[in-house]
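Each chain is listed here by its residues.
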Amino acid sequence: MATHVSGWTLAQLAQLLGGTVVGDETVRISRPVPAGFDDPDGITFAESDKYLDLIRASRVGAAIVKADVSLDIPRIVHHSPRTAFGMLLALARRDPPVTGGIHPNAVVCTGATVDPSASIGAFAYVEAGATIGARSRVYPFAFIGEDCVLGEDVTVYPHAVLVQSVKVGDGTIIHPGAILGADGFGFHWDGHRRQKVPQVGGLRLGDDVEIGANTCIDRATCGDSVIEQGVKIDNLVQIGHNGHVKEHTVIAGHSGISGSVTIGRRTVVGGQVAIADHVEIADDVMLAGRSGVMSNLDRSGEYFGTPPVPVREGLRALALQRRLPELFERLKELEAEVSAWRDRSNSND
């Protein structure tokens, strides 16, 4: 379990971040804060005049800036303030505590395998046939179902549920409330009612995947749903059965991905994007938020809209939509002028 650090002097932070202090080195910093935040014990950063103005208007304790910046508060000079602030965020991060080993109030069924270095929190449940790898952490109230396999250094936060036959790669993080391996949404109309299609497949997550809170990824009807290594999925995302998300793709919150969809490598899916079933999306695609994909996207590029078009074309169409009332009125005027001209022509004949 990580030890909570109560703070640092500016001198200590400069050494850790690879910067130089200008001003009082003994100023004590407790936490990173956003630019413009009033916190005498906080430190922020700035790479532009906009954020420098926010800092000057606030009561922050210190800042991380470039060498050519003048401020009335102590500061750390760094060649890349953003990079240094990212390092500071890593220093300030704290994992929620979890007891080492198996908590007395956890349930680990006979037939489950838990590595001695793993941690199972209070009221977590590990079903028979499950395997928990080295240094993995299962937080309180999480459920690890039958035939689920957690690799090494996996983190499963409270109330996450791995229903059945979910394989999780090394270093993967599953945030609270995520549901992995539930039934896919499969029903068949028999002429009288909808019959459930049994969902007997699995779900495989690669190494270094991150699954956001309350996200749901269904297991396959048969075979496996697949989330490849390095994929990052935001909160409140739905991925249907037999989906395949390839490596290092990012999916933002509220997106809905239907069954049997394939999303290519390094793709970025914006918030509230909807993708119809059996669609295939190429590598290196960027889908702007609220786009709706109903057919294959075969080429890399930036897309926007429903159906998606190249982003410049989509934004131009969106701008023109705002002028539709004006254009409609103008069209009616032109029609009236044409009608009057025809009437005059007919009377002259």
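Scoring rules and cut-offs
- Residues numbered from 1 in each chain as written.
- Predicted model: local features only at pLDDT ≥ 70, side-chain atom pairs only at ≥ 80, totals over all residues.
- Heavy atoms only, no water.
- Helix = DSSP H or I, 4+ residues; strand = E, 2+ residues; numbered from the N terminus.
- Buried < 20%, exposed > 50% of the residue type's maximum accessible area, 1.4 Å probe, protein only.
- Areas by Shrake-Rupley, 256 points an atom, 1.4 Å probe, with all protein chains shown as cover.
- Lys, Arg positive; Asp, Glu negative; His and termini not counted.
- Charge placed at Lys NZ, Arg CZ, Asp CG, Glu CD.
- Contact = heavy atoms within 4.5 Å.
- Axes fitted to C-alpha atoms, helices over the stretch in contact; angles between N-to-C directions.
- Parallel < 35°, antiparallel > 145°, perpendicular 65-115°, else oblique.
- Nonpolar A, V, L, I, M, F, W, Y, C, P; charged D, E, K, R; others polar.
- Pairing = 2+ DSSP bridges.
- Polar contact = N/O pair within 3.5 Å; in protein donor to acceptor, adjacent residues only side chain to side chain.
- Phe/Tyr/Trp six-rings, centres within 6.5 Å; stacked < 30°, edge-to-face > 60°.
- Salt bridge = Lys/Arg side-chain N within 4 Å of Asp/Glu carboxyl O.

Let's talk about the overall build of the protein
A tally of helices and strands in the protein yields five helices and 40 strands. Looking at the 349 residues of the protein, the share that counts as buried comes to 40%. Accessible area of the protein: about 18,700 Å², with a carbon and sulfur share of 53%. Between the centroid of the 32 positive side chains of the protein and the centroid of its 42 negative side chains there is a distance of 3 Å.

Re the environment of Phe37
For Phe37, the location among the structural elements is in the loop between β4 (31–32) and β5 (42–45). Judged by relative accessible area, which is 42%, Phe37 ranks as partly exposed. Taking the C-alpha atoms as reference points, Phe37 and Val60, 23 residues apart in sequence, are found 6.5 Å from one another. Those residues in contact with Phe37, other than ones at most four positions away along the chain, are Ser58, Arg59 and Val60.

Some details on the environment of Ala11
Among the secondary structure elements, Ala11 is positioned in helix α1 (residues 10–17). Taking C-alpha positions, Ala11 is 40 Å from Gly133, a pair spaced 122 residues apart along the chain. Sequence-distant contacts of Ala11, that is, excluding residues within four places in its chain, are made with Val21 and Glu25.

Description of the packing of α1 against helix α3 (residues 81–92)
Close contact between α1 and α3 brings their axes to 10 Å; oriented N to C, the two are set at 110°. With respect to each other, α1 and α3 are oriented roughly perpendicular. Residues Leu13, Leu16 and Leu17 of α1 pack against Ala84, Met87, Leu88 and Leu91 of α3. Grouping the amino acids of the contact of α1 with α3 by side-chain chemistry returns seven nonpolar, no polar and no charged.

Overview of the sheet that holds β4
Judged by pairing direction, the sheet is mixed, and its five strands sit side by side in the order β2-β7-β6-β5-β4 without closing on themselves. Among the strands making up the open sheet, the edge pair consists of β2 (20–22) and β4. Examined bridge by bridge, β5 and strand β6 (residues 62–65) share three bridges and lie parallel to one another. Each residue of the ladder has a partner; that of Ile43, found in β6, is Ala62.

Some thoughts on the environment of Asp218
Here Asp218 is to be found in strand β26 (residues 216–218). Judged by its relative accessible area of 8%, Asp218 is buried. Each C-alpha atom, one on Asp218 and one on Asn242, is 7.7 Å from the other, the two residues being 24 residues apart in sequence. Setting aside its immediate chain neighbours within four residues, Asp218 contacts Gly181, Ala182, Asp183, Gly184, Phe185, Ser225, Gln238, Ile239, Gly240 and His241. In this structure the side chain of Asp218 is engaged in a polar contact, spanning 3.1 Å, whose partner is the side chain of Gln238.

Observations regarding the pairing of strand β18 (residues 161–164)
Sheet analysis places strand β15 (residues 143–146) next to β18, joined by three bridges and oriented parallel. Pairing of Phe143 across the sheet is with Val161, part of β18. As paired elements, β18 and strand β21 (residues 179–182) share two bridges and run parallel to each other. Note on β21: the bridge partner recorded for Val161 is Ile179.

Side note on the packing of aromatic side chains
Aromatic rings considered in pairs are described by the distance between their centres and by the relative angle of their planes. Taken as a whole and assessed by the stated rule, the structure comprises five aromatic pairs. Seen from their ring centres, Tyr125 and Phe143 are 5.7 Å apart, and the 20° between their planes marks the pair as stacked. With a gap of 18 residues between them, Tyr125 in strand β12 (residues 125–126) and Phe143 in strand β15 connect regions that are remote in the sequence.

Section: the pattern of salt bridges
Here the idea is simple: oppositely charged side chains can pair when their charged atoms come close. Per the stated rule, a full pass over the model turns up 17 salt bridges. Put simply, Asp41 and Arg31 hold a salt bridge, and the shortest N to O gap is 3.9 Å. Of this pair, Asp41 sits in the loop between β4 and β5 while Arg31 sits in strand β4, and the two are 10 residues apart along the sequence. Between Asp53 and Arg56 there is a salt bridge, with its nearest N and O atoms 3.7 Å apart. Taken together, the residues Asp53 and Arg56, both in helix α2 (residues 49–56) and three residues apart, mark about one turn of the helix. Here Asp53 falls in the partly exposed class, since its relative accessible area comes to 47%. Taking relative accessible area as the criterion, Arg56 reaches 48% and is therefore assigned partly exposed. Taken together, the shared-partner salt bridges in this structure form one network comprising Arg31, Asp39 and Asp41.

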